[in-house]
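Now for the letters of each chain:
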Amino acid sequence: MLDWIKDNSTAFAIAVVFHVLFLVALLVNWQMDKPDKIILEQGDIIQVSAVDANSYDAEVKKIEQQKNAEQRKKAQAKRKAQELAKKKKQEEIRKKKEKQRKADELKRKKAADVKKKKEALKKAEQEKKRKKEAEKKKIAEEKLKKEKLKKEQLKKEQLKKAEQEKRRLEKQKKQQQAEQKRKAEADKKRQAELKRKEQRDRAERERRSKGIINRHVVLIVQKIERNWRQPLDVPSGLECKIEIILLPSGNVVSVKIVESSGNQAFDRSVETAVRKASPLPVPTDSVIFKEFEVMRLRFEPGSN
Amino acid sequence: MQYTKLTIRVAPFLLFFFSLLFVINSVFVNQAHAVLEVEIKGGFQSADPIAIVPFSWSQSGKAPVDIASIISRDLARSGVFSPLSLNQLPEHPTMEGSINFPRWKNTNAENLVIGQVAAIGQGRFEIKFKMLDIFTGKSSIEYRYEVAQKQLRRVAHQISDQIYQKLTHTKGAFDTLIAYVVVNNDVDSKKRIYTLAVADSDGYSEQIILKSKKPIMSPIWSPNGKRLSYVSFEKNRSIIYMQELKSGKRKTIAQFKGINSAPAWSPDGKRLAMTLSKDGNSEIYVMHIASGVLQRITNHYSIDTEPAWAPDGRSLVFTSDRAGKPQIYQVAINQQGRSGNPKRLTYDGNYNAGASFSPDGKSLVLITREQGRFRVGVLELASRQLQILTRSRLDESPSFAPNGKMVLYATELSGRGILEAIAVDGSHSPQRLRVLSGDVREPAWSPYRR
């Protein structure tokens, strides 16, 4: 075995190198698994290149193994043949002695040369291949490195961003609080202003509604007086008090005699006057109308 | 400690309760405060505008009596009402359901009278009427009558009374009678014919009580409205008679020597005051009808005449010229006769005569002379205020309606006597009664019919 290794040292070395590389690749790939997942979210290119590297390595390894086995088989067969030939030749040597041995030697030398040449070529090729592989691997590694860096950078950036966001939020919060405080103060101020305005408005409204009430009282009195026909022989000094209920339309809903004059015809004239005057000119404002919903009227015949 | 605990436990409820009370209280106060109190002075006085729609009639053609127009004229004559004329009526509904109230609100009427007349066979008629308040849409009176044809006019007057009573709160006096004397000139004999007649208060449905070629004077109603007393000269001298209207039976009351005149029935119907000159001078006497016993009330050399009873039967007023010119005097009376000395009541002007009491006894209606014209005046006894009602030239024989709201009197129109009625408050112009043919004099308004 050792001999075989000695004989095929180059191939063995290549195999070992490839194994190591393969392992490293595998390890790296395995290590990368996790970050890969993170990266997945970042972009497809990185993932695709990583997978390519993987599959490529496996391919190389396979080819290498196949080659090795073939070589081994070949070597074994050759050795057996050589041993057989050796034994035959030992007799032949004896027969042909040196001559044949020299020829064999020459032949073997030639074969070894060819083999050497072939192996050198093979080695060069393999070297080339290895170099290429290494190159590729390097690129991949660099790529990975770059990606890792990128990832880290990204992570850093994200962290930074998060930090910034946090700071921004805090700032915002502070600003908001300040704003709220300012707003609350403004509100308070505005409310106070509003309250004052309302008071002023109410006073104004009251003043105005008082004016409206007075105006409508005059209108109502005039309309009832226009409609108040008294009986001809009304004695003087009569007085009748009634309570009326009005609708917002001014229509008289009910007339109740609160205090009779004692003269029924006169009382009736009062009631009729109100009904005749219906609808009474009440204010249209529903709030002010409330004042007119129930009215007390005192009737006294005028001096005519 | 127990007490404190209890207080603590009760406190929240109390608080809630008090707050509730406060809320309720404040609402109440607000409401009480919210009631507007308004004073209305003025207005105007006028006759009551009323709409009387022609009544429907069940048969084709014209109804035997236009009840609506009788009511309308009755109410107008009272002076208290001013019924809308036919062309002022926006529609002629005869059933409540067909009244379009908004249209009536545009007239100045306050009340609306509708009705139906139907012939129900055997010469009988059904009359239904209803009065509605235009502004409430409510029916205020509703009546149904069933009468013979000759009573249709009376039904109309009764409806007038219902309306009058409802709207003035005073009894109406439309379903009453008047008695009067008509003087006609007979074309053939060129002699005067005197007629004592009775008619409805509007002058229609005249019935003749007595016809004579000699003067008939001073008709007066018995308090129960069933008899008339009057003076007739049919025997060429003045005699006081009493006549029952229904039977036409009559009785001679006074045919003393000299003047027998101016009968006046006491409110209890048992005595008759009159003017007699059997003792030489015109004096006032009271006769107890049943016994014929006479009591002399006045004793004065001047003329005392035209006695009239106070509604309480405790005094008489009469006309006397004992102060030089005719004036009204009052004398107290009891069952035995005079119970006091005559007191003068009138001082306005130099002629006041023919007084009679208002049903409430508070005033007198009389003829007063003003600027040479004889007019109807009302003297309020408490204040001695004399209000002149008429503007005519020659009024005579005023008498109150039984409700005291109107005065009936005779006046002169182009040399002929006519009857007029006027509202006592003097706010309305005189209303002429149906113009009768001839010269109408000495009207007397009957008491309420029973």
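Along each chain, the written sequence defines residue order, and numbers are assigned to residues from 1. Chain letters start at A and ligand numbers start at 1, both assigned in the order the entries are written. It should be noted that, the model being predicted, local features are given only for residues of pLDDT at least 70 and side-chain atom pairs only at 80 or more, the latter also being counted only at that level, while totals for whole chains, interfaces and linings use all residues. Excluding hydrogens and water, the side-chain figures rest on all heavy atoms present in the structure.

### Comments concerning the overall build of chain A
Inclusion rule: The numbering of helices and of strands both runs from the N terminus, where a helix is a DSSP run of H or I of at least 4 residues and a strand a run of E of at least 2. Burial classes: relative accessible area under 20% of the type maximum marks a residue as buried, over 50% as exposed, and values in between as partly exposed (1.4 Å probe, protein chains only). Contacts were defined at the residue level, with two residues in contact if any of their heavy atoms lie within 4.5 Å.
A count of helical and extended segments in chain A gives five helices and four strands. Ordered by position from N to C terminus, the α and β elements of chain A give α-α-α-β-β-β-α-α-β. The burial tally for chain A puts 24% of its 304 residues in the buried class. At a minimum sequence separation of 6, the contacts of chain A that also span at least 24 residues come to 74%.

### As for the sheet that holds strand S11 (residues 207–212) of chain B
All names here are of chain B. Applied cut-off: We treat two strands as partners when DSSP finds at least two bridges between them. A fitted line through C-alpha atoms serves as each axis, taken over the contacting stretch for helices, and the angle formed by two N-to-C directions is quoted from 0 to 180°.
Ordered in space as S11-S10-S9-S33, the four strands form an open sheet in which the pairing is antiparallel. Only two strands of the sheet have a single neighbouring strand rather than two, namely S11 and strand S33 (439–445). Taking each pair of neighbouring strands and ignoring which way they run, the sheet shows an average axis angle of 20°. Bridge count for strand S9 (residues 177–185) against strand S10 (residues 192–200) is nine bridges, and the pairing is antiparallel. Each residue of the ladder has a partner; that of Asn184, found in S10, is Ile193.

### A closer look at the side chain of Arg375(B)
Residues and elements named next belong to chain B. Just so we agree on the cut-off: Counted as a polar contact is a pair of N or O atoms within 3.5 Å, where, for protein atoms, one must be capable of donating a hydrogen and the other of accepting one, and residues adjacent in sequence contribute only when both atoms are in side chains.
Counting through the fold element by element, Arg375 comes out in strand S27 (residues 373–380). Among the polar contacts made by the side chain of Arg375, one reaches the main-chain carbonyl oxygen of Ser392 at a distance of 2.9 Å. Discounting residues that sit within four places of it in the chain, Arg375 has contacts with Leu366, Ile367, Thr368, Glu370, Ile388, Thr390, Arg391, Ser392 and Asp395.

### Quick look at a nonpolar patch on the surface
All names here are of chain A. Here is the rule we go by: Patches were defined on residues exceeding 30% relative accessible area and lacking a salt bridge, with like-charge contacts within 9 Å and nonpolar side-chain contacts (Val, Leu, Ile, Met, Phe, Trp, Tyr) within 5 Å. Residue burial considers only the protein chains on display, and all accessible areas are found by Shrake-Rupley using a 1.4 Å probe. Any Lys or Arg side-chain nitrogen located within 4 Å of an Asp or Glu carboxyl oxygen qualifies as a salt bridge.
Residues Phe12, Val16, Val20 and Val24 make up a contiguous nonpolar surface patch of about 300 Å² in total accessible area. By the secondary structure assignment, Val16 is in helix H2 (residues 9–40). Of the residues examined, Val16 reaches a relative accessible area of 37% and is grouped as partly exposed.

### Quick notes on the packing of helix H2 (residues 67–78) of chain B against helix H4 (residues 152–168) of chain B
Residues and elements named next belong to chain B. Heads up, the condition is: Just so you know how the angles are binned, under 35 degrees is roughly parallel, over 145 roughly antiparallel, 65 to 115 roughly perpendicular, and the rest oblique. With the far helix as reference, a near helix turned anticlockwise by less than a right angle produces a left-handed crossing, and one turned clockwise produces a right-handed crossing. Gly is put with the polar residues, along with every residue not named as nonpolar or charged; the nonpolar set is Ala, Val, Leu, Ile, Met, Phe, Trp, Tyr, Cys and Pro, and the charged set is Asp, Glu, Lys and Arg.
Two numbers describe how H2 lies on H4: the axes approach to 9 Å, and their chain directions differ by 45°. Considering their axes alone, H2 and H4 lie oblique with respect to each other. For the pair H2 and H4, the crossing hand works out as right-handed. Residue-level contacts link Ile67, Ile70, Ile71, Asp74, Leu75 and Ser78 of H2 to Leu152, Arg153, Ala156, His157, Ile159, Ser160, Ile163 and Tyr164 of H4. Broken down by class, the residue content of the contact of H2 with H4 amounts to nine nonpolar, three polar and two charged.

### Re the interface of chain B and chain A
Threshold: Two parts lose some accessible area (1.4 Å probe) when they are put together, and adding that loss for both gives the buried area.
The interface is formed by 29 residues belonging to chain B together with 32 residues belonging to chain A. Summed over both sides, the interface of chain B with chain A buries roughly 3,000 Å², with 53% coming from carbon and sulfur. Three residues stand out in chain B for area buried against chain A, namely Leu36(B), Ile40(B) and Gln45(B), and they jointly supply 26% of the buried area on that side. Linking chain B with chain A are six salt bridges, by the criterion used here. A salt bridge links Lys276(A) to Glu110(B); the shortest N-O distance between them is 2.7 Å. Along the contact surface separating chain B from chain A lie 19 residue pairs in polar contact (both at pLDDT 80 or more). Residues belonging to the side of chain B that touches chain A are distributed by class as follows: eleven nonpolar, eleven polar and seven charged.

### Considerations on unusual backbone geometry
Across the junction of Ser278(A) and Pro279(A), the peptide omega takes the value 0°, indicating a cis bond. If you check the backbone angles, Gln122(B) has positive phi at about 55° while not being a glycine. Within the secondary structure, Gln122(B) is located in the loop between strand S6 (111–121) and strand S7 (124–133). Backbone geometry places Glu442(B), a non-glycine residue, at a positive phi of 45°. You can see Glu442(B) is positioned in strand S33. Judged by relative accessible area, Glu442(B) falls into the buried class, the value being 17%.

### Remarks on the nonpolar core
Keep this limit in mind: By nonpolar core is meant a set of buried Ala, Val, Leu, Ile, Met, Phe, Trp, Tyr and Cys residues that side-chain atoms within 4.5 Å join together.
If you look at the biggest cluster of nonpolar residues, it comprises 30 residues, and the most contacted ones within it are Ile224(A), Ile244(A), Phe292(A), Leu297(A) and Phe299(A). Where this core is concerned, the elements lending two or more residues are helix H3 (44–227), strand S2 (240–246), strand S3 (252–259), helix H4 (264–277), helix H5 (286–289) and strand S4 (294–301) of chain A together with strand S1 (36–42) of chain B. Among the nonpolar cores identified, the runner-up in size contains 29 residues, and Phe55(B), Ile127(B), Met131(B) and Val147(B) belong to it.

### Describing the pairing of S3(A)
All names here are of chain A. Relative to S3, S2 runs antiparallel, the two sharing six bridges. Each residue of the ladder has a partner; that of Ile242, found in S3, is Ile257. If you look at the hairpin formed by S2 and S3, you'll find five residues sitting between the two strands, and Gly250 has a positive phi there, around 95°.

### Quick notes on the packing of aromatic side chains
All names here are of chain B. The test is simple: Planes of paired rings set the category: under 30 degrees apart is stacked, over 60 is edge-to-face and the rest tilted, where pairs are Phe, Tyr or Trp rings (Trp by its six-membered ring) whose centres lie within 6.5 Å.
Counted according to the given criterion, the structure contains ten aromatic pairs over all chains. Between Trp57 and Phe125 the ring centres are 5.9 Å apart and the planes differ by 25°, which places this aromatic pair in the stacked class. You can see Trp57 sitting in strand S4 (residues 56–57) and its partner Phe125 sitting in strand S7, a full 68 residues away along the chain. The same class applies to Trp57 as to Phe125, namely buried.

### Things to note about the sheet that holds strand S13 (residues 227–232) of chain B
Residue and element names in this part refer to chain B. Taken in spatial order, the four strands of this open sheet run S12-S13-S14-S15, and their pairing is antiparallel. Looking at strand neighbours, the two that pair on one side only are strand S12 (216–221) and strand S15 (250–254), the edges of this open sheet. With strand direction ignored, the average angle separating the axes of adjacent strands in the sheet is 25°. Two elements, S13 and strand S14 (residues 239–244), share six bridges in a ladder whose sense is antiparallel. Following the sheet pairing, Ser229 is matched in S14 by Met242.

### Here's the deal with the side chain of Asp200(B)
In this structure, Asp200(B) sits in strand S10. Those residues within four positions of Asp200(B) in sequence are excluded, and the remaining contacts are Arg153(B), His157(B), Thr176(B), Leu177(B), Ile178(B), Ser205(B) and Arg449(B).

### Some points on the pattern of salt bridges
Taken as a whole and judged by the stated rule, the model has 39 salt bridges over all chains. Salt-bridge contacts for Asp279(B) lead to Lys278(B); the nearest nitrogen and oxygen are separated by 3.5 Å. Using a relative accessible area of 41% as the deciding quantity, one classes Asp279(B) as partly exposed. Each member of the salt-bridge network shares a partner with another, and the members are Arg229(A), Arg268(A), Lys276(A), Asp48(B) and Glu110(B).

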